[in-house]
Amino acid sequence: MVYPKDSKAAGTEETIMKIESIVGKTDGIGAVCEGINGEGPIVNDFGGLPESDKEMAIPEFQALLDKMPSCKIMTISPHVDKKSGYQRIKLLLERGIVPSLGHDRVATDEEILGALRLAPSTQFHITHLCNVCNFHHRTPSLVNFGLTEEFPQIPEYNGLEKPPSIEVIGDLRHVHPLTISAILKARHFSNVAFISDCTAESKPGQKVRYNNREMQVSDDGKCLYVSGTDTLAGSCCSVMDAFKSLIDVFKVNVAEAAAMVSETPARIAKLDHIGKIEVGKRADLLLFDDKVTLQKTLVAGKVV
């Protein structure tokens, strides 16, 4: 979910209430909403997001969280939140919400480490690695941290247990295949969520309204742009497309590919009841043939 600048607007509150009313409901029709993944509002660089109140006062931010008891993850900029002594990240940690560092092209090593040291044994997350964040070989920023499977044994990283988990948009447009290949070699599959970031149907050239702005689907139907610009505002691929890319393009074995689109995202979001085929987990299953063609979908053990 994204948050326009006036988070108190009726439309925003109404949307939150609607989402909260359907969380966890298995109606036998299709997908289940497991909670809210908040992308903002405390972000330094908006990218394709609508402008939000990135300097939102702490009481107002707390009130926003109060309205979203099902919020599981929230993107937050370490560069912005450092100015408050990381008070907003502390609120997320107190509520069991996973802080996802992102939408921040200027975050320094010191600012990122300051956030991570709030809970040294907790694994933070990084929002859509490589998009709206930076890499430099001498001056570490979010991408450097996202490429790290183990912290180097030097004083500035002492005491930190786990580098952040990451998510990668799998439409092969947000992140170039060469870069994805390098990421998959650098990180263990249990720390990589391969996501769709889908915001529109794959209809080449179609124009849509999104957060009061005109967007257009790319000519190849793979992603969504802010009309008249080269600013990406989401993908048009499905998780199924991303899953098949892992297998066909990057030659990841089926078990690891399946984990990156199911088990790993569920673990990151602390959704203990789904993500694995295991006694006690909800039976959300996809059945494929030997060519990885979908045959049946089950939600809570029922064919949909």
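Nothing here was measured: the structure is a model prediction, and the numbers come from that model. (Residues numbered from 1 in each chain as written. Predicted model: local features only at pLDDT ≥ 70, side-chain atom pairs only at ≥ 80, totals over all residues. Heavy atoms only, no water.)

Within this structure, the stated rule accounts for one cavity of 30 Å³ or more. Here the largest cavity is characterised by a volume of approximately 40 Å³. The wall of the largest cavity is formed by Leu116, Ala119, Pro120, Thr122, Phe124, Phe151, Leu160, Glu161 and Lys162. Grouping the amino acids of the lining of the largest cavity by side-chain chemistry returns six nonpolar, one polar and two charged. (1 Å grid on protein atoms, 1.4 Å probe; cavity = no way out; pocket = protein on both sides within 12 Å on 5 of 7 lines; lining within 4 Å. Points joined across faces, edges and corners; volume = space filled by probe spheres on them. Nonpolar A, V, L, I, M, F, W, Y, C, P; charged D, E, K, R; others polar.)

Further remarks concern the environment of Gly85. Assignment of secondary structure puts Gly85 in the loop between helix H3 (78-81) and helix H4 (87-94). Relative accessible area serves as the criterion here: at 33%, Gly85 is assigned to the partly exposed category. In sequence terms Gly85 and Pro164 are 79 residues apart; their C-alpha atoms lie 20 Å from each other. (Helix = DSSP H or I, 4+ residues; strand = E, 2+ residues; numbered from the N terminus. Buried < 20%, exposed > 50% of the residue type's maximum accessible area, 1.4 Å probe, protein only.)

Looking now at the nonpolar core. Counting 54 residues, the largest nonpolar core has Met68, Met74 and Leu101 as its most contacted members. Excluding residues that lie within four positions of it along the chain, Met74 makes contacts with Tyr3, Gly38, Gly40, Pro41, Phe61, Leu65, Met68, Leu92, Ile97, Val98, Pro99 and Ser100. One finds Ile73, Ala193, Ile268 and Ala269 within the second-largest nonpolar core, a separate group that totals ten residues. (Core = buried A, V, L, I, M, F, W, Y, C linked by side-chain atoms within 4.5 Å. Contact = heavy atoms within 4.5 Å.)

Moving on: the pattern of salt bridges. Scanning the model with the defined rule gives 16 salt bridges in all. One salt bridge in this structure joins Glu278 and Lys276, with 3.9 Å as the shortest N-O distance. We classify Glu278 as partly exposed; its relative accessible area is 42%. A relative accessible area of 38% means that Lys276 is categorised as partly exposed. Here Arg282 ties to Asp284 by a salt bridge, and the two come within 2.7 Å at their closest N and O atoms. When its relative accessible area of 18% is taken as the criterion, Arg282 is described as buried. Via salt bridges that share partners, Glu263, Lys276, Glu278 and Lys281 belong to a single interconnected network. (Salt bridge = Lys/Arg side-chain N within 4 Å of Asp/Glu carboxyl O.)

Size it by volume and the second largest pocket reaches roughly 150 Å³. Lining of the second largest pocket is provided by Glu263, Ala266, Arg267, Lys270, Leu271, Asp272, Ile274, Gly275, Lys276 and Lys281. The residue makeup of the lining of the second largest pocket, split by class, is three nonpolar, one polar and six charged.

For the structure shown, the criterion picks out zero disulfides. This cysteine, Cys130, is not joined by any disulfide, and Cys133 carries the nearest cysteine sulfur, 6.1 Å off. Judged by its relative accessible area of 26%, Cys130 falls in the partly exposed class. With no disulfide partner, Cys236 has as its closest neighbouring cysteine sulfur the one in Cys198, 6.1 Å distant. (Disulfide = S-S within 2.5 Å.)

Attention now goes to unusual backbone geometry. Gly40 connects to Pro41 through a cis peptide bond whose omega is 5°. Summarising the element assignment, Pro41 is placed in the loop between strand E1 (36-39) and helix H2 (58-66). Residue Ala300 is not a glycine yet carries a positive backbone phi of 55°. Take Ala300: it is sitting in the loop between strand E12 (294-299) and strand E13 (302-303).

So, on to H2. For the α-helix, the turn length of 3.6 residues means that residues three or four positions removed from each other point alike. Inspection of H2 places Ile58, Phe61, Leu64 and Leu65 among the buried residues, and these make up the whole buried set. Take H2 and look down its axis: the buried residues cluster within an arc of 120°, on one side only. (Arc of directions from axis to C-beta.)

Before going further, it helps to spend a moment on the pairing of strand E7 (residues 207-210). Sheet faces and side chains relate simply in a regular strand, where the side chains alternate between the two faces. As judged from the four bridges shared by E7 and strand E8 (residues 213-217), these two strands associate in the antiparallel manner. Looking at the pairing, Arg209 lines up with Glu214 of E8. Two successive antiparallel strands, E7 and E8, enclose a turn made up of two residues, where Asn211 displays a positive phi of approximately 55°. (Pairing = 2+ DSSP bridges.)

Keep in mind these numbers describe shape, not what the thing actually does.
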